[in-house]
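The chain contents come next:
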Amino acid sequence: MKHFERKQINLFFILLFCSSISFSQNNNNSDLDEDLPIRKSKFQTGFYIGSYFANKYSASTYNGYGFDVEGTRNSFFNSLMYQKIVNEYGYGRGQYDYIADELGVDQGQWDFTESDMPVNMHYVPAIMVGFNIKVPVDETSAFIFNLNGSKLNIDGNFTITTRKPPLSNPANNNNIQNFGIRGVEQRLLFQMGFQKQFGEDEKLNFFGEVGLVGTLTKFDKNTIYINRLQIDLTYYLNQTTFAAPGPTRRPVGFGVGAFAGLGANVNINPKFTLQLLYSPSFEKVNIGTGPKLKLQNAIGLRVYYNFLSKKTNTSETPPLLTQ
């Protein structure tokens, strides 16, 4: 978390530094061009960078059950975790028990039941970046089109119960051992809305925005960690000797919701506009079971570039031709 915060702070100061350079360069050239009329383009482009705080509702998609080819959540005995821990790496089919080695117990001297399945699945705050377009209607209002993306990490934990304390540490009388599970998810947000500024100051004003958001979500990775073992849950190794579940489907879904925004608009110079933005959104993360509209939050920095061109000065009378 500290590394994440440092990264956000560094990015913020880099953007401010670049903006200050642009501001100083514009001031140096303003004396030469101050008498030339300026024409603004009909749209502005920019980029967004910020922090994205996802609602934990859909984090249960990564709880180790997995989904069949029809997209239905597996039962416990057909779950990815049971197949991996018990039948592939454990003693379930009479093969060598690698799980016992990691637990420090004799072969087969442990249990993994449904009560050991992951709990406390939650998203970790993530970085979101995007490309934004603004089409002004007048001096204070505009249509906005945003494409923002983020890669999210999901964390949780599960347990395995040994039938007696581990041999590697006789002083430890705890038969329940905790381990980590992690997921990775990709999200792409398509936003279309309307933005309005409030105030008449030339440099600093507040603004609000509202619109529709489409959220494209892709289930990317799901991994469990048992000491030195890292077990990928996104596939199952089919064996010829034993029956095995068919290939699993990595959920991908698209849902429609709404977003809003509130922040400060700073006109740094004629070419650059800076916006500090808090943006809540009701998004439907359409993967897993029972997807619903849930509140997500984001805080970030948006920078627009204004395409400018100099108007042709036609006020001067052309010289008369002499015969």
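Please refer to the structure higher up on the page.
First, a word on what this report is: a plain description of the structure on this page. All residue numbers refer to positions counted from 1 along the written sequence of the respective chain. Per-residue local features are limited, in this predicted model, to residues with pLDDT of at least 70; the limit for side-chain atom pairs, both in listing and counting, is 80 or more; totals at the level of whole chains, interfaces and linings are taken over all residues. Side-chain numbers come from the whole structure's heavy atoms, not from hydrogens or water.

**Examining the environment of Arg302**
Thought 1: Helix and strand assignments come from DSSP, with helices taken as H or I runs of at least 4 residues and strands as E runs of at least 2, each series counted from the N terminus. Tracing the backbone shows Arg302 in strand β11 (residues 293-310).
Thought 2: Sequence separation between Arg302 and Leu276 is 26 residues; the distance between their C-alpha atoms is 6.5 Å.

**Observations concerning empty space enclosed by the protein**
Thought 1: Method remark: on a 1 Å grid restricted to protein atoms, a set of points is classed as a cavity if a 1.4 Å probe fits but cannot get out and as a pocket if it is open with protein on both sides within 12 Å along at least five of seven lines; lining residues have an atom within 4 Å of a point. Grid points are joined across faces, edges and corners, and a volume is the space filled by probe spheres set on the points. Evaluated as defined, the whole model comprises 3 cavities of 30 Å³ or more.
Thought 2: Here the largest cavity is characterised by a volume of approximately 100 Å³.
Thought 3: In terms of lining residues, the largest cavity is bounded by 14 residues, among which Met128, Asn148, Gln191, Ser279 and Ala298 are the most central.
Thought 4: Elements with a minimum of two residues in the lining of the largest cavity: β1 (38-53), β6 (176-198), β10 (272-284) and β11.
Thought 5: Think of it as three bins: nonpolar holds Ala, Val, Leu, Ile, Met, Phe, Trp, Tyr, Cys and Pro, charged holds Asp, Glu, Lys and Arg, and polar takes everything else, Gly as well. Classifying every residue of the lining of the largest cavity by side-chain character gives 6 nonpolar, 6 polar and 2 charged.

**A few points about the side chain of Gln296**
Thought 1: Relative to the assigned elements, Gln296 resides in strand β11.
Thought 2: Residues adjacent in sequence count toward polar contacts only when both atoms are side-chain atoms; beyond that, a polar contact is any pair of N or O atoms within 3.5 Å, and within protein one must be able to donate a hydrogen and the other to accept it. Only 2.7 Å separates the side chain of Gln296 from the backbone nitrogen of Asn55, close enough to count as a polar contact.
Thought 3: Whether two residues are in contact is decided by their heavy atoms: any pair within 4.5 Å suffices. Leaving out residues up to four positions away in the same chain, Gln296 has contacts with Tyr52, Phe53, Ala54, Asn55, Arg187, Ser279, Pro280, Ser281, Glu283 and Val285.

**What to know about the pairing of β6**
Thought 1: Here strand β5 (residues 141-162) pairs with β6 via 21 bridges, running antiparallel. In the sheet register, Asp155 faces β6, and the bridge partner there is Arg182.
Thought 2: One requirement defines pairing of two strands: DSSP has to find at least two bridges between them. Note: β6 against strand β7 (residues 204-226), 19 bridges, orientation antiparallel. Bridging across to β7, Leu189 finds its partner in Thr215.
Thought 3: Linking two consecutive strands that pair antiparallel, namely β6 and β7, is a turn of 5 residues; a positive phi of about 120° is found at Gly199 within it.

**Some remarks on a positive patch on the surface**
Thought 1: Here the term patch refers to residues with relative accessible area over 30% and no salt bridge, with like charges joined within 9 Å and nonpolar side chains (Val, Leu, Ile, Met, Phe, Trp, Tyr) within 5 Å. To be clear on the numbers: accessible area is Shrake-Rupley with a 1.4 Å probe, and residue cover counts the displayed protein chains and nothing else. Salt-bridge detection follows one rule: a side-chain nitrogen of Lys or Arg within 4 Å of a carboxyl oxygen of Asp or Glu. In this charge count, Lys and Arg are treated as positive and Asp and Glu as negative; neither His nor the chain ends contribute. Each charge is placed at NZ for Lys, CZ for Arg, CG for Asp and CD for Glu. Taken together, the side chains of Lys151, Lys218, Lys221 and Arg250 make up a positively charged region of the molecular surface.
Thought 2: Along the chain, Arg250 falls in the loop between β8 (229-232) and β9 (252-267).
Thought 3: Since its relative accessible area comes to 40%, Arg250 is described here as partly exposed. Only protein chains enter the accessibility calculation, which uses a 1.4 Å probe; a residue whose area is less than 20% of its type maximum is buried, one above 50% is exposed, and one in between is partly exposed.

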